[in-house]
Structure formats: C-alpha cells, structure tokens
Amino acid sequence: QRGKLLSLSWTGGKAAFATEGEPREYPPVPVPESKLTSTVDGDALIAAMAEIAGYAATEGSRPVLNTVALFLQNPVSVVAADGFRLAYKTVPIAIEREGIETALVPMESVYVLEHLHKKAPRNPPREGSIADILSAKRQFAITMDKALLQIKTGKLTFTTQLVQGNFPNYKGLI
C-alpha cells in the first residue's frame, strides 16, 4: 500500500519516511555464512577507512576501484586507488578470515559506516577509572564471508555486500 508513514523518534531527534508495500514483502537481511567473529578496535578501523576513502575512484568504469580494500593480513592494510593515486594505511588489528585475503568495501558503505560511527552511542566499559572509561576504544564485532561484511557494536548491526573482484597489487607500485 502506498502512503504509509514510518515514524522514528529518539532522544534528540525524529524522522519520518514514506514506505511502499508491507514490511514482510521485503527480503530478510542476509547474514554472513562464516561463524568466525573478530573483535577489533572500531575507532582505528573506521578512521583509517574514512581517511583513505578520498583516494578511491569515483567513476563506475572499474568497480573494484570504487572501494576501500581491506587486506586481511595481520595487521590489516586499508587501501584505495583511482588509477592515478594510491593511498594505504596499516591498522594494528587482526580479522579472522577463513581463507579470505581481501574484502572490497563499497564506497557508499564506507560513508554510511563513518556516519554511523559518529552518531551511534558508545558503550563504555563498566569498570575502571574515569580516564579508562573516557579513553575506551569502541569495539566492533566483525563477521564476514566472501560476499558479506557484518559489523556489530552495541545495538547497531551494519551489513553490506562486498564488491567481487581482485584489487590491483598495490605493493608492486610502492
């Protein structure tokens, strides 16, 4: 049915969206098939992805370059390139990978993750000094398979489809 309105409200804001059809008509949100979940420093990962994102391609002729690539060795390398420029950063985290070497995260997903990271409430540790609580890093639970990346923090769950393909060998250019 057309004309239904979905209204959301929270402390400090509210939003309303026109909806089409019934919610049960939409397909379920996919879940990665992997059972391996890594807990990582979400602050460091999102900061690196956001910093590198400006170097990704913006035209659609090479979809693999319209991504931020996560090379899943330990530590993780975050890489973006547009055919002329290249940027990379090493993040001191490890992600369980079940044979996956690289995850190509679409640029739109990087921007949404950055926005959610800024807006989502922190879940501070329940113990420790005031300094420990204020300086605590936001932890992400990351689960992925070859097609999907899922990030959970607090009550927030973000799932995105990964771009399929092979990112260029950036180490050969350095």
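Higher on the page you've got the structure.
Residues numbered from 1 in each chain as written. Predicted model: local features only at pLDDT ≥ 70, side-chain atom pairs only at ≥ 80, totals over all residues. Heavy atoms only, no water.

**Side note on the nonpolar core**
Now for step 1: In this structure, M49, L70, V78, I95, I142 and M144 are the most contacted members of the largest nonpolar core, which totals 31 residues.
Now for step 2: Elements with a minimum of two residues in this core: α1 (42-53), β4 (67-71), β5 (76-81), β6 (86-91), β7 (102-106), α2 (107-119), β8 (139-144) and β9 (148-153).
Now for step 3: The element contributing the most residues to this core is α1, with six residues.
Now for step 4: Here V78 is in contact with L45, A48, M49, I52, V68, A69, L70, A87, Y88, K89 and V91, once residues within four sequence places are set aside.
Now for step 5: Counting residues in each nonpolar core, the second largest holds 10 residues, with A57, V64, A81 and Y170 among its members. (Core = buried A, V, L, I, M, F, W, Y, C linked by side-chain atoms within 4.5 Å. Buried < 20%, exposed > 50% of the residue type's maximum accessible area, 1.4 Å probe, protein only. Helix = DSSP H or I, 4+ residues; strand = E, 2+ residues; numbered from the N terminus. Contact = heavy atoms within 4.5 Å.)

**A short note on the packing of aromatic side chains**
Now for step 1: Inspection of every chain in the model, using the stated rule, returns three aromatic pairs.
Now for step 2: Geometrically, the ring pair formed by F71 and Y170 is tilted, given 5.0 Å between the ring centres and 50° between the ring planes. Linking F71 in strand β4 with Y170 in the segment after β10 (156-161), this pair joins segments that are 99 residues apart in sequence. In terms of burial, F71 and Y170 fall into one category: buried.
Now for step 3: When the centroid spacing of 5.7 Å and the interplanar angle of 45° are considered together, the rings of Y88 and Y170 count as tilted. Pair noted here: Y88 is in strand β6 and Y170 is in the segment after β10, with a separation of 82 residues, a long-range link.
Now for step 4: Since its relative accessible area comes to 42%, Y88 is described here as partly exposed.
Now for step 5: An aromatic cluster is defined as three or more aromatic residues linked by ring pairs; in this entry it consists of F71, Y88, F167 and Y170. (Phe/Tyr/Trp six-rings, centres within 6.5 Å; stacked < 30°, edge-to-face > 60°.)

**With respect to the packing of α1 against α2**
Now for step 1: Look at α1 against α2: their axes get within 10 Å of each other, and the N-to-C directions meet at 135°. One way to sum up the angle between α1 and α2 is to call them oblique. Here α1 runs over α2; the crossing is left-handed. Here α1 contributes G42, D43, I46, M49, A50 and A53 to the contact with α2, which in turn contributes M107, V110, Y111, L113, E114 and H117.
Now for step 2: Among the residues making up the contact of α1 with α2, the classes are represented as eight nonpolar, two polar and two charged. (Axes fitted to C-alpha atoms, helices over the stretch in contact; angles between N-to-C directions. Parallel < 35°, antiparallel > 145°, perpendicular 65-115°, else oblique. Left-handed = near helix turned anticlockwise from the far one by under 90°. Nonpolar A, V, L, I, M, F, W, Y, C, P; charged D, E, K, R; others polar.)

Purely spatial values, then, with no claim about function.
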